[in-house]
Amino acid sequence: MYHYIECGLPNVWLKNGYDVLEIDGEKAISISDVDALHEAIGRSVASKSNLNAEEIRFLRKELGLSQKRLADLLGSTEQTVSLWERGGRMPKVYDRLIRLLYLEKIDGNINVQAMIEKLIVIDF
């Protein structure tokens, strides 16, 4: 099994879907379908409650958002998102919103994010 720490999560182990290569005498790992792997990891993470710091960071990165942009979407601050990603306590409503944003994105429906974007404009 391969301990897939490259995703930023400490507890991901791969049974298959990867090859061990030797390049210039060094061991290298080739993942067969990184996008599908990350989607599977993301679905698993988003299906649980109480995201931890690493999971928040993983979902944010998979959404393609900076800490600042995620903070804007949530009506929070960049410093607060940074705190959550360093292990600070995140209110349940933000936990749910992050999971919802991720699941909406991977299911191909960006209505939630688009609506939040419109609300941000109205708030300013």
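A few points on the structure. Within every chain, residues take consecutive numbers counted from 1 along the sequence as written. It should be noted that, the model being predicted, local features are given only for residues of pLDDT at least 70 and side-chain atom pairs only at 80 or more, the latter also being counted only at that level, while totals for whole chains, interfaces and linings use all residues. Side-chain metrics in this entry use all non-hydrogen atoms of the structure; hydrogen atoms and water are not considered.

Side note on the environment of Ile29
Then, in step 1: By the secondary structure assignment, Ile29 is in strand 4 (residues 26-31).
Then, in step 2: For the pair Ile29 and Leu70, spaced 41 residues apart in the sequence, the C-alpha separation amounts to 32 Å.
Then, in step 3: In this structure Ile29 touches Tyr2, Tyr18, Asp19 and Val20, once residues within four positions along its chain are discounted. Numbering of helices and strands runs from the N terminus, with a helix taken as a DSSP run of H or I at least four residues long and a strand as a DSSP run of E at least two residues long. In what follows, a contact means two residues having at least one pair of non-hydrogen atoms within 4.5 Å.

A short note on the environment of Leu63
Then, in step 1: Within the secondary structure, Leu63 sits in helix 2 (residues 53-63).
Then, in step 2: With 43 residues separating them along the chain, Leu63 and Ile106 place their C-alpha atoms 8.9 Å apart.
Then, in step 3: Ignoring anything within four residues of it in the chain, the contact list for Leu63 reads Ile98, Leu101, Tyr102 and Lys105.

What to know about unusual backbone geometry
Then, in step 1: Even without being glycine, Asp24 reaches a positive phi, approximately 50 degrees.
Then, in step 2: Assignment of secondary structure puts Asp24 in the loop between strand 3 (18-23) and strand 4.

A word on the environment of Asp95
Then, in step 1: Position of Asp95 relative to the elements: it lies in helix 5 (residues 92-106).
Then, in step 2: It is 7.6 Å that separates the C-alpha atoms of Asp95 and Ser49, two residues lying 46 residues apart in sequence.
Then, in step 3: A polar contact of 2.7 Å, which involves the side chain of Asp95, links it to the backbone nitrogen of Leu51. Under the rule applied, a polar contact is a pair of N or O atoms within 3.5 Å (in protein, one hydrogen donor and one hydrogen acceptor; residues adjacent in sequence only if both atoms are side-chain atoms).

Notes on the packing of aromatic side chains
Then, in step 1: Only Phe, Tyr and Trp rings are paired, with Trp represented by its six-membered ring, and only when their centres lie within 6.5 Å; those with planes under 30 degrees apart are stacked, over 60 edge-to-face, the remainder tilted. On inspection of all chains with the given rule, the structure shows 3 aromatic pairs.
Then, in step 2: Ring plane angle 40 degrees and centroid distance 5.6 Å describe the contact between Tyr2 and Tyr18, whose orientation is recorded as tilted. Remark: Tyr18 occurs in strand 3 and Tyr2 occurs in strand 1 (residues 2-3); sequence separation between them is 16 residues. Of the two residues, Tyr2 and Tyr18, both sit in the buried class.
Then, in step 3: Where Trp84 meets Tyr94, the ring centres are 5.1 Å apart and the plane angle is 40 degrees; that geometry is what we call tilted. Residue Trp84 is located in helix 4 (residues 78-85), and its partner Tyr94 is located in helix 5; the two are separated by 10 residues in the primary sequence.
Then, in step 4: Through pairs of rings, three or more aromatic residues link up here, namely Tyr2, Tyr4 and Tyr18. A simple rule labels every residue: compare its accessible area, found with a 1.4 Å probe on the protein chains alone, to the largest value its type can have, and call it buried under 20%, exposed over 50%, or partly exposed in between.

Focus: the layout of surface pockets
Then, in step 1: In this structure, the largest pocket encloses a volume near 210 Å³.
Then, in step 2: Along its surface, the largest pocket is lined by 13 residues, and Leu9, Asn11, Val12, Ile41 and Ser44 are the ones closest to its centre.
Then, in step 3: Those elements giving two or more residues to the lining of the largest pocket turn out to be helix 1 (34-46) and helix 2.
Then, in step 4: In terms of residue count, the dominant contributor to the lining of the largest pocket is helix 1 (5 residues).
Then, in step 5: For the lining of the largest pocket, a count of residues per class yields 8 nonpolar, 3 polar and 2 charged. Two kinds of site are reported from a 1 Å grid over the protein atoms alone, namely cavities, where a 1.4 Å probe fits but cannot get out, and pockets, open sets with protein on both sides within 12 Å along at least five of seven lines, and residues are called lining when an atom falls within 4 Å of a point. Grid points are joined across faces, edges and corners, and a volume is the space filled by probe spheres set on the points. The classification used treats Ala, Val, Leu, Ile, Met, Phe, Trp, Tyr, Cys and Pro as nonpolar, Asp, Glu, Lys and Arg as charged, and all other residues, Gly among them, as polar.

Overview of the pairing of strand 4
Then, in step 1: Whether two strands pair depends on DSSP finding at least two bridges between them. Note that strand 3 and strand 4 share 6 bridges and pair antiparallel. If you follow Asp19 over to strand 4, its bridge partner there is Ser30.
Then, in step 2: In sequence, strand 3 turns back onto strand 4 through a hairpin of 2 residues, with Asp24 there showing a positive phi of about 50 degrees.

Quick look at helix 1
Then, in step 1: Spanning 13 residues, helix 1 covers 18 Å between terminal C-alpha atoms, matching the ideal 18 Å at 1.5 Å per step.
Then, in step 2: Among all positions in helix 1, only Leu37, His38, Ile41, Gly42, Val45 and Ala46 are buried. Down the axis of helix 1, the buried set is contained in an arc of 160 degrees. They therefore lie on one face.
Then, in step 3: Its buried side turned inward, helix 1 meets strand 2 (13-14), strand 4, helix 2 and helix 5. By this rule the span expected of a helix is its residue count minus one, scaled by 1.5 Å. Taking the helix axis as origin, the arc is that swept by the directions to the C-beta atoms.

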